[in-house]
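Coordinate inspection notes
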Amino acid sequence: MSQANFASGTVWTGDNLPVMRGLNSGCVDLIYLDPPFNSNEDYAAPIGSQAAGAAFKDTWTLSDIDVYEHGELAERSPAAYAVIDAARQTHGKSMMSYLIMMAVRLIEMRRILKPTGSIYLHCDDTASHYLKLLMDAVFGARNYRNTIVWKRTNAKGLTSKNLPNNHDILFRYSKSEKWTWNRQYAPYDPDYVDKFYKHVEEETGRRYTLGDLVNPNRNRPNLTYEFLGVERVWRWEKERMQKAYEEGIVVQAKPGAVPRQKRYLDEQKGAPLGSVWSDLKPIQSQARERTGYPTQKPLALLERIVEISSNEGDIVFDPFCGCATTLVAADRLNRDWAGIDLSPLAVKLVDQRIRDDRGALWGGVIVRDDPPLRSDMGKLPNYRTHRHRLYGEQEGVCAGCDTHFPFKVMEVDHILPRVQGGSDHYENLQLLCTHCNKSKGGKTMAEWRAAQAG
């Protein structure tokens, strides 16, 4: 685990992959991501809304870069490679390309999570079955915790030949066998309240139900006594029972009836939260929090996730932060936060929304467009000092053109360039001949090989 190498309140604009590659390992407590779903649709915010100008095309086509990134996954994550190859055979190149994009990013997300951290991946049924396998491959099937079903709205489109789709899916994984967990409760269903809390106190108007005071363990001599003319093995000692009766908490319906305990509805936490969330409604057209962002999720949804899987002062991270709902929820719940989005509009939205909450106390979002530099590797020697070791490991063969060269024409190169979040760590270094090194420039190896193939 290491300290974060960024300040809370930071939003990067641009591709999230190089930014995440520059983040320290094990520095984030909770990740929520609501990435594109591979829906083959175009999204745009309406003119006049806060998010006007926000648009993205959720369509994926296999490119040369995708092919080379898939090849690199064969070594980095063989299980993820196999899942993607299966998707290509069963679903086609579009799904393959989408999953390659997700896989290389999920690998970085796992790296930056703390051992006690959790991740929530929000998706729909377009690719959820493949994403579940991909999450198993990257995070480990043993670290799968829940499939949460969020019922967005009531079923519509009854004339369709298919059942209307009215839910989203969230996959919850932990980094390890120990994770942050705060149990949550949902409001009771009104029908449940009417059925089980049918009594109402005349004096206070409080709803209550009557609970059993008889002890299921019959072998308790110290709790066996007569109370209000009824002898039983009770749950409480006699002194406590008498006091509760005097306070009106223990009641007897009629002489000879078994006394019972009042349990007030307003003293209950609610129903333990399950994996089907039907109590959180989508954002209505006139809702105050509505920004007009194409795929905006309600604050209540993100607040619940943040409360379940983080504590005050923890770091919440959203690599596809869009209209910044995750960041606003984290800020309201006194968590530190950071996010990334392709569009600079995300900066404007998070700034506006948190300013509405904090007012003049808000100093403004920290905007960056450059990948951070990792500080969790200690002081590294100059990367050129690895030249002799690399020459021996590669047996004098250039990693670009696979040709043997004498030592003097070989140059140390960053596999992932520093401008894209790469470090000077020896695992990120290779030897290229002078020609290949100049040709590669500031590209990643996948980008460079794709350009060579074109």
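Here goes a summary of the coordinates provided.

Reading the values: rules and limits
The residue count restarts for each chain, going from 1 along the sequence in the order it is written. It should be noted that, the model being predicted, local features are given only for residues of pLDDT at least 70 and side-chain atom pairs only at 80 or more, the latter also being counted only at that level, while totals for whole chains, interfaces and linings use all residues. Where side-chain values are given, they derive from all heavy atoms of the structure, hydrogens and water being excluded. Secondary structure elements follow DSSP: runs of H or I no shorter than four residues count as helices, runs of E no shorter than two count as strands, and numbering proceeds from the N terminus. What the globule rule says is 2.2 Å times the number of residues to the power 0.38, and the radius of gyration is computed from C-alpha atoms. Relative accessible area decides the class of each residue, using a 1.4 Å probe on protein chains only: under 20% of the type maximum gives buried, over 50% gives exposed, and in between gives partly exposed. Note on definitions: a residue-residue contact is assigned when non-hydrogen atoms from the two residues lie within 4.5 Å. Computed with a 1.4 Å probe, the accessible areas rest on the Shrake-Rupley method; for each residue, only the protein chains presented here act as cover. Charge counting follows a simple rule: Lys and Arg are positive, Asp and Glu are negative, and His as well as the terminal groups are ignored. We put the charge of a Lys on NZ, of an Arg on CZ, of an Asp on CG and of a Glu on CD. Take a side-chain nitrogen of Lys or Arg and a carboxyl oxygen of Asp or Glu: if they are within 4 Å of each other, that pair is a salt bridge. Two strands are said to pair when DSSP picks up at least two bridges between them. Nitrogen and oxygen atoms within 3.5 Å of one another constitute a polar contact, given that in protein one can donate a hydrogen and the other can accept it, and given that sequence-neighbouring residues count only through two side-chain atoms. To estimate how far a helix should reach, multiply one less than its number of residues by 1.5 Å. In this analysis a 1.4 Å probe is tested at points of a 1 Å grid over the protein atoms alone, and where it fits but cannot get out there is a cavity; an open set with protein on both sides within 12 Å along at least five of seven lines is a pocket; lining residues have an atom within 4 Å of a point. Grid points are joined across faces, edges and corners, and a volume is the space filled by probe spheres set on the points.

**Structural notes on the overall build of the protein chain**
Of regular secondary structure, the protein chain possesses 13 helices and 21 strands. Taken against the 2.2 N^0.38 rule, which gives 22 Å for 454 residues, the C-alpha radius of gyration of the protein chain at 29 Å runs more than 25% over that of a compact globule. Taken over the C-alpha atoms alone, the protein chain extends approximately 105 × 55 × 50 Å along its principal axes. Residue burial in the protein chain is summarised as follows: out of 454 residues, 46% are buried. Of the contacts made within the protein chain by residues no fewer than 6 positions apart, 66% connect residues no fewer than 24 positions apart. In the form shown here, the protein chain has an accessible surface area of approximately 23200 Å², with 49% of it arising from carbon and sulfur atoms. Within the protein chain, one finds 59 positive and 57 negative side-chain charges whose respective centroids are separated by 2 Å.

**Concerning the pattern of salt bridges**
Here the idea is simple: oppositely charged side chains can pair when their charged atoms come close. For the structure shown, the criterion picks out 23 salt bridges. As a salt-bridge pair, Lys-114 and Asp-29 come within 3.3 Å of each other at their nearest N and O atoms. Separated by 85 residues along the polypeptide, Lys-114 in strand β5 (residues 113-123) and Asp-29 in strand β2 (residues 28-33) bring together distant segments of the chain. In this structure, Asp-357 engages Arg-332 in a salt bridge whose closest nitrogen and oxygen atoms are separated by 2.7 Å. Of this pair, Asp-357 sits in helix α10 (residues 345-358) while Arg-332 sits in helix α9 (residues 325-332), placing them 25 residues apart in sequence. Using a relative accessible area of 35% as the deciding quantity, one classes Asp-357 as partly exposed. Ionic contacts of the salt-bridge type, sharing partners, join the residues Arg-76, Glu-108 and Arg-111 into one network.

**Some remarks on the sheet that holds strand β9 (residues 199-200)**
Each strand in a sheet pairs with its neighbour through backbone hydrogen bonds, running either in the same direction (parallel) or in the opposite one (antiparallel). If you trace the four strands from one edge of the open sheet to the other, you get β9-β10-β14-β13, paired in antiparallel fashion. The open sheet has two edge strands, β9 and β13 (250-251), and neither has a second partner. Across four bridges, the pairing between strand β10 (residues 207-211) and strand β14 (residues 260-264) is antiparallel. Looking across to β14, one finds that Thr-209 is bridged to Arg-263.

**Considerations on the side chain of Lys-262**
Its location among the elements puts Lys-262 in strand β14. In terms of polar contacts, Lys-262 uses its side chain to reach the side chain of Glu-201, at 2.8 Å.

**Notes on helix α2 (residues 64-76)**
Its 13 residues give α2 an end-to-end C-alpha distance of 19 Å, which sits within 8% of 18 Å, the value for a rise of 1.5 Å per residue. Buried positions along α2 lie against α1 (16-21), α3 (78-91), α4 (93-112) and α13 (445-453).

**Describing the layout of surface pockets**
The volume enclosed by the largest pocket comes to roughly 1500 Å³. If you go around the largest pocket, you meet 47 residues; those closest to its centre are Arg-21, Glu-72, Arg-76, Ile-415 and Leu-416. Sorting the residues of the lining of the largest pocket by element identifies α1, α2, α4, α5 (128-139), β21 (429-433) and α13 as the ones contributing at least two each. No other element matches α4, which puts eight residues into the lining of the largest pocket.

**With respect to α5**
Residues lying three or four places apart along an α-helix face the same way, a consequence of the helix completing one turn every 3.6 residues. Taking 1.5 Å per residue, 12 residues should reach 16 Å; α5 reaches 16 Å between its end C-alpha atoms and fits that length. Residues of α5 that are buried in the fold lie against α3, α4, β5, β6 (144-151) and β7 (167-174). Immediately downstream of α5, the backbone of Gly-140 shows phi near 95°, a positive value.

**Digging into unusual backbone geometry**
Phi angles above zero are rare outside glycine, and Glu-395 is one such case at about 55°. Of note, Glu-395 is situated in the loop between α11 (387-393) and β20 (410-414). Of note in the backbone geometry, Asp-402 takes a positive phi value of approximately 60° without being a glycine. Summarising the element assignment, Asp-402 is placed in the loop between α11 and β20. Owing to a relative accessible area of 62%, Asp-402 belongs among the exposed residues under this scheme.

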